[in-house]
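# Descriptive analysis of the structure
These are the residues of each chain, in order.
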Amino acid sequence: MKTKSIYFAALLVIVAAVTAIGKDEPTLGMAILSANGSDVVRVIYKGETAGKVKINIYDASSKLVFTENRNSVEGFILPLNFSGLQFGKYKIELTDASGTKAETVDYQPAKSLNNIHVTKLSESGKFLLSVAKAGNEDITIRIFDEFNNLVHDSNKQISDDFAQVFAIKNFKGACRFEVTNGKGQTTVARF
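In this report, the structure presented in the accompanying data block is examined. Keep in mind the model is a prediction, meaning the values are calculated, not measured.

## Focus: the pairing of strand β9 (residues 126-131)
Across the two faces of β9 the burial differs, with F127, L129 and V131 buried and K126, L128 and S130 not buried at all. Relative to β9, strand β8 (residues 116-120) is paired through five bridges, and the arrangement is antiparallel. Following the sheet pairing, K120 is matched in β9 by F127. The turn linking β8 back onto β9 is made up of five residues, and G125 within it adopts a positive phi angle of 85°. Of the strand pairs in this sheet, β9 and strand β12 (residues 162-167) are connected by six bridges, and their pairing is antiparallel.

As structure tokens, this is what we get:
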């Protein structure tokens, strides 16, 4: 009986030691949610304990394009708006007391709709928007300047073919057209 008790005691000590040694260090939990064609990327963070979290975003050339420090209550969901950034790959890096974790997101435009076209006209600041054979449909037209400021926002109900010339006052540099149909599909044109 004594031998069995010693054997079980030794086994219990070994299991306890293996359990203590096998424990993982606290880990940083991060997930990235993005949809192709959406400007918003959601970062989901879950930490072991409350504390400071640093978020860095780097472009494809490893240039820092965004940084933020947050005080976390063990987790958060952070929506990041990528509009105004160039399309391409970005590295999102989170650092907390337990370490650093990074993931890559591929920021791409929505697939263009074949029946919506935007053309830059020869006269400075003028653009032609055309929609071919749309049927009865509502569209939203949003135009942004080079600094990502909204300079035009309108809704149009169209039937069949549609065309309109837009004149952007004080046009200098770049601009972006976003045309969204009634199904939520968006065509983006950059100039």
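Now, onward.
## Here's the deal with the pattern of salt bridges
A full pass over the atoms with the stated rule returns five salt bridges. Residue D106 is joined to K89 by a salt bridge in which the shortest nitrogen-to-oxygen separation is 3.8 Å. With D106 in strand β7 (residues 99-107) and K89 in strand β6 (residues 88-96), this residue pair connects regions lying 17 residues apart in the sequence. Judged by its relative accessible area of 48%, K89 falls in the partly exposed class. Taking the shortest distance from any N to any O, the salt bridge between K91 and E93 comes out at 3.8 Å.

The rules behind the values
- Residues numbered from 1 in each chain as written.
- Predicted model: local features only at pLDDT ≥ 70, side-chain atom pairs only at ≥ 80, totals over all residues.
- Heavy atoms only, no water.
- Buried < 20%, exposed > 50% of the residue type's maximum accessible area, 1.4 Å probe, protein only.
- Helix = DSSP H or I, 4+ residues; strand = E, 2+ residues; numbered from the N terminus.
- Pairing = 2+ DSSP bridges.
- Salt bridge = Lys/Arg side-chain N within 4 Å of Asp/Glu carboxyl O.

Coordinates in, geometry out; function isn't part of it.
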